[in-house]
Amino acid sequence: MKKIFLFLPLLWILAFSACQQDKEASLTDLTLNFTADFAEDPLVMYGRTYAYPNSTDFRLQLFQFYISDVYLIKSDGTAGPKVLDVALVSFGGVQSESEAAQGVSVVLKDVPVGQYSGIRLGLGVDPVLNKTQPGDYRVDHPLSTNYWLMSNSYVFSKIEGNADTDGSGNFNAEVTLHVGGDNNYREKTFPQPIELRAGQPNSLGFSVDLRRMLVDDTGKFLNFAMMTQIHSDQSPWAVFISDNFMEAISMRK
Amino acid sequence: MMRYGRWIGMGLLLLVLVLVLPWGDPAVVPVTALPEGPTSFPGMLVPAHNQTHPEAIALGRKLFFDTILSNDGKVSCSTCHDPGRAFSDGLPHSTGAGGLETRRHAPALVNVGYVPGELFWDGSVGSLEEQVVRSIEDPTEMASDWTTVIRKLREHPEYGPALVNLFALRDGSHLRPMHVAQVIAQFERSLVSGHSRYDQYRAGIAALNEAELRGLAIFFDFEDELPDAECNHCHTDPFFTDFQFVNNGIQSPDQWKNNPDGGRVEVTGKPFDRGKFRVPTLRNVALTAPYMHDGSKATLMEVIEHYNSGGHPAINSSVNVRPLGLTERDKSDLLAFLHTLTDSTFIHNPDFQRP
């Protein structure tokens, strides 16, 4: 009888090993890759000038946004596994076209393999997480920064750059568009067959047209000759940007 | 049966270890022996290979204040990082043990353990431990070499045995630079400051006067009828830095192009990182004059005047640095608010003084 104790650790190790193999067979990594453009051109910080309505030229310094509450969608259309709480997607370090082409990647670990009919992204910080504060996290967490004390909200997106509104070439207008607040949180589902397999790279690509965030499909645009700053959750222009974000982001084929 | 006893024991021990050992992220461990900041502070990252230990902090503190680490025996870490000045030195540039001047202004070590990535004005070192290793051999700092430092510590009646004991080394011959770096880094991580009058105000246990409150509103852009000094974009609560690298318009266009100190570009090689430097914390800022990476601003009011002017233009000057149009009263109130960030418990903390 006592000899059975000899085999208990061995059995446990074998069982653990088998479980690990099952786990490895049922889970995989998934990379969400984001690229950004300004209309037809790749989005590069500092080094490129982009044509903007009202004969304005625009040069970027920063474009970043949070994604949160990311779910894969099951074949019946219902939400499947949640694969991400929150991540900050920042193009602030993109200074060349090769970096723009490479994009910004968010690597998700231990995603259940299988067939899915789509993926849903929260654009911004979802209302539950938006009730938290930087002190709730470690300093390496994406929500340890970008917090607005004045609005009790994270800054969901930042668009910063210089606009040349008078044609002088001096890029006289400092543009800082910061948007946050629960009312500016959006969710978008991308219906597209997704097959995630174990043991091989799985990647989904998204592209964001920054111009489309500032110019809607009727031609209405944020005029930098009139307004260069949004630091708000309630501004109609903050809502304008948030609504446009839904149209500006798409899934690459 | 006895012949199997050892194997049974080992098997059970293995089982217990497997069940009991933590399986979390091996890169970090919870902070266990550091002073607590306010609850508004995010958690500090501590390397798994250098877990916090009170004896290590105490030993690191002694070494931090000891000139034994320098080539000439006259310079210690505290020479440039004086507790009474919130661990800065009051000089635009410091003079190292070799008589050479540092390239940049000595940064204050306030909450330095919370910096989530690279350190220094340009982010050129990856950790506090690496910073110690580099400072010993920097000709503008300790101007020494590790062979000499290790020999001196090994032969020292207190440090040698203490380090051998702390790291459970067989003897002093096994002492390495990393052991020294680890204890000093642990002391530096303990330099937590979060009990200023501003923190007490946020916690509801202290009041700010009218000028300070008005300055706070200007700093954070809390009230539409007051000007926005744009400070909060980079000097974000709770650390009053977002740890980013920014060109704040301190260099003139000519300096920006030709300055031999390129800042962040020297690390990344990216052309538009030229002239960018780490946003410093403003906690205890009233104690850390002079200001900027080059120590070129002697007073806080000079700093405020710089930002009020909009700074020098450059293609990568931060768009958050723009002409502000602050009145004399606005500037005075902003200054009053910045003084509320002084944490007297930090500079007088007996655990941070020369032992």
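Remember, it's a predicted structure, so these values are computed and weren't measured experimentally.

Thresholds applied
- Residues numbered from 1 in each chain as written.
- Chains lettered and ligands numbered in written order.
- Predicted model: local features only at pLDDT ≥ 70, side-chain atom pairs only at ≥ 80, totals over all residues.
- Heavy atoms only, no water.
- Domains from an automatic or database assignment.
- Buried area = accessible area lost by both parts, 1.4 Å probe.
- Salt bridge = Lys/Arg side-chain N within 4 Å of Asp/Glu carboxyl O.
- Nonpolar A, V, L, I, M, F, W, Y, C, P; charged D, E, K, R; others polar.
- Disulfide = S-S within 2.5 Å.
- Buried < 20%, exposed > 50% of the residue type's maximum accessible area, 1.4 Å probe, protein only.
- Helix = DSSP H or I, 4+ residues; strand = E, 2+ residues; numbered from the N terminus.

A.B. asks: Can you help me understand the domain arrangement of chain B in this one?
C.D. replies: All names here are of chain B. By domain assignment, chain B separates into domain 1 (28–192) and domain 2 (209–339). Taking only C-alpha atoms into account, the centre of domain 1 sits 28 Å from that of domain 2. Note on domain 1 versus domain 2: buried area summed over both sides is about 2,100 Å², and carbon and sulfur give 60% of it. Between R104 and D261 there is a salt bridge, and its shortest N-O distance comes to 2.6 Å. Tallied by class, the residues present in the side of domain 1 that touches domain 2 amount to 13 nonpolar, nine polar and five charged.

A.B. asks: Teacher, can you tell me more about the state of the cysteines here?
C.D. replies: Chemically, a disulfide is nothing more than a covalent bond linking the sulfur atoms of two cysteines. Residue and element names in this part refer to chain B. According to the stated counting rule, one finds zero disulfides over all chains in the structure shown. There is no disulfide at C80, and the cysteine sulfur nearest it, in C77, is 8.8 Å away. In this structure C234 is not part of a disulfide, and its nearest cysteine sulfur, from C231, lies 9.4 Å away.

A.B. asks: Would you mind going over the pattern of salt bridges with me for this structure?
C.D. replies: Pairing between side chains becomes possible if they bear opposite charge and their charged atoms approach one another. By the definition in use, this model includes 31 salt bridges over all chains. Notably, a salt bridge pairs E195 of chain A with R197 of chain A, separated by 3.0 Å at the nearest N-O pair. In this structure E195 of chain A comes out as partly exposed when scored by relative accessible area, which is 40%. A salt bridge links R104 of chain B to D122 of chain B; the shortest N-O distance between them is 3.0 Å. With R104 of chain B in the loop between α3 (77–80) and α4 (128–137) and D122 of chain B in the loop between α3 and α4, this residue pair connects regions lying 18 residues apart in the sequence. Looking at R104 of chain B, the relative accessible area reads 12%, which means it is buried. By relative accessible area, which is 5% here, D122 of chain B ends up buried. By sharing partners, the salt bridges in this structure join R103, R104, D122, D261 and E266 of chain B into a single network.

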